[in-house]
Structures are given as C-alpha cells and as structure tokens.
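# Summary of the model geometry
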Amino acid sequence: MTLTEQIITIALCVAGTMATRFLPFLLFRPGKKTPRYVQYLGKALPAAIFGMLVVYCLKNVSILTGSHGIPELIAIALVVVLHLWKRNMLLSIAGGTICYMLLVQTVF
C-alpha cells in the first residue's frame, strides 16, 4: 500500500469506529424510551453470538483423528463448571482458554 492508501484506510477505520460509538447517542436520546426491537436485540444477541462462537470454535474438531476432541471437551466442561460456580464470564472464558492451551501444549 502506498502512503496515501494507508492514510485513507486509517481515516476510514477511525470514521467507522467513531460512527459506531456516536450513532446510538444520536439515535436514542436521553429521556426517550428505547424501542422494543432494540431491547429485544439486547437480550437475544449475546446468547446468539456465544452460540455462534462455540460452533465456529468446534467446526474443525475431528473425533476420528488426533486427540479425538478430548482437549476441547475438557475445556468446554471447565467453562461450564466455572460459569455455574462463579457466574463470571471473564473467569469462565479465561479458565477454559488457559486449560485448552495447557492441554494442547503439554498433554496432547
């Protein structure tokens, strides 16, 4: 990329980021009730996104070759246990990730 293309790319990224940060404040003024569809999306999208991430992370796991998906299964079980125990999403995600990386690097 030339210098001009780099500057244009950075400017577009900045404009896109600023638009996504400022647009909700312009569309949904304080004191006005939030539309029902936005409230619905706020409730439905987090679970849908996490479900999509689980599918994406497990799409290439083969139970017929290699470690047979055992490290993934152990890490998923740890995430579920941690989340049911502490109800802390950050702890659950970090614990599962660390467990998976340790299993893959040292055991499997």
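Residues numbered from 1 in each chain as written. Predicted model: local features only at pLDDT ≥ 70, side-chain atom pairs only at ≥ 80, totals over all residues. Heavy atoms only, no water.

Our focus in this paragraph is the overall build of the chain. Along the backbone of the chain there are four helices and zero strands. From first element to last, N terminus to C terminus, the chain shows the α and β order α-α-α-α. Taken against the 2.2 N^0.38 rule, which gives 13 Å for 108 residues, the C-alpha radius of gyration of the chain at 21 Å runs more than 25% over that of a compact globule. Within the chain, contacts between residues separated by at least 24 positions form 38% of all contacts whose residues are at least 6 apart in sequence. Put simply, the chain shows about 9,100 Å² of open surface, and 73% of that area lies on carbon and sulfur atoms. (Helix = DSSP H or I, 4+ residues; strand = E, 2+ residues; numbered from the N terminus. Rg over C-alpha atoms; globule rule 2.2 N^0.38 Å. Contact = heavy atoms within 4.5 Å. Areas by Shrake-Rupley, 256 points an atom, 1.4 Å probe, with all protein chains shown as cover.)

With 19 residues, helix α4 (residues 89-107) should reach 27 Å at 1.5 Å per residue; the first-to-last C-alpha distance of 26 Å fits that figure. Of the residues making up α4, those classed as buried are Ser92, Gly95, Gly96, Cys99 and Leu103. Looking straight down α4, one finds its buried side chains confined to an arc of 95°; they lie on one side. Pointing more than 90 degrees away from the buried face of α4 are the exposed residues Leu90, Ile98, Leu102 and Gln105. Where α4 is buried, its residues meet α3 (70-86). (Expected span 1.5 Å × (residues − 1). Buried < 20%, exposed > 50% of the residue type's maximum accessible area, 1.4 Å probe, protein only. Arc of directions from axis to C-beta.)

Our next topic: α3. Between its first and last C-alpha atoms α3 spans 24 Å; for 17 residues at 1.5 Å apiece the expected length is 24 Å, and the two agree. The inward-facing, buried residues of α3 abut α2 (36-58) and α4. Within two residues after α3, arginine 87 carries a phi angle of roughly 55°, on the positive side.

Take it as geometry only, folks, not as evidence of what the structure does.
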